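Inside the fold
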Amino acid sequence: MKTILLADDEAYLRLLVHTTLDDPTYRILEVTDGQQALALARAEHPDLLVLDWMMPGLSGIAVAQALRQDPATADIPIIMLTAKGQDIDRAQGHALGLQAYLVKPFSPLELLEKVQAILEAH
């Protein structure tokens, strides 16, 4: 079973992502802020992290930076789900080695395809 950590402060988006990824082979953990995401990622070492950029506490980009700097979590694949769609934002995500960068509103089908491809590759 693959573990996916979903971090987003908006309940309806967590529900949409959870529904999109609803599969008996996935265990989906949900948190509502960056601090929880960082703590749970370190504790659980999920197979994939789906992060919102703008969250209370630590931003998703700060979580990604912290995970990348820690050898124990540096290899966790990350998908950024965000409203920040400017080129400079995408470049910042690319510099962190994110596996995917999806701008809200996003296609649930595209998210599902990205998740499946990333989990198959790892």
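Please refer to the structure higher up on the page.
Quick caveat: nothing in here was measured; it's all calculated off a predicted structure.

Rules used throughout
- Residues numbered from 1 in each chain as written.
- Predicted model: local features only at pLDDT ≥ 70, side-chain atom pairs only at ≥ 80, totals over all residues.
- Heavy atoms only, no water.
- Buried < 20%, exposed > 50% of the residue type's maximum accessible area, 1.4 Å probe, protein only.
- Helix = DSSP H or I, 4+ residues; strand = E, 2+ residues; numbered from the N terminus.
- Pairing = 2+ DSSP bridges.
- Right-handed = clockwise from strand over helix to strand, strands pointing away.
- Phe/Tyr/Trp six-rings, centres within 6.5 Å; stacked < 30°, edge-to-face > 60°.
- Contact = heavy atoms within 4.5 Å.

1. A word on the pairing of strand β3 (residues 48–52)
Walk down a regular strand and you will see the side chains alternate between the two sheet faces. With five of five residues buried, β3 is to be regarded as a mostly interior element. Burial along β3 is two-sided: Leu-48, Val-50 and Asp-52 facing one way and Leu-49 and Leu-51 facing the other are all buried. Two strands pair when backbone bridges link them, and β3 and strand β4 (residues 78–82) are joined in this way by four bridges, in the parallel orientation. The residue bridging Val-50 from the neighbouring strand is Ile-79, located in β4. What joins β3 to β4 is helix α3 (residues 60–69), and the crossover it makes is right-handed.

2. Some remarks on the packing of aromatic side chains
For the coordinates displayed, the defined rule picks out one aromatic pair. Ring centres of Trp-53 and Tyr-101 lie 6.4 Å apart, and the angle between their planes is 85 degrees; this geometry places the pair in the edge-to-face category. Of this pair, Trp-53 sits in the loop between β3 and α3 while Tyr-101 sits in strand β5 (residues 100–103), and the two are 48 residues apart along the sequence. Take Trp-53 and Tyr-101: they sit in the same class, and that class is buried.

3. Section: α3
Counting buried positions along α3 gives seven out of 10 residues, so the element sits mostly inside the fold. Within the sequence span of α3, burial applies to Gly-60, Ile-61, Val-63, Ala-64, Ala-66, Leu-67 and Arg-68. Check the buried side of α3 and you find it contacts α2 (34–44), β3, β4 and α4 (87–95).

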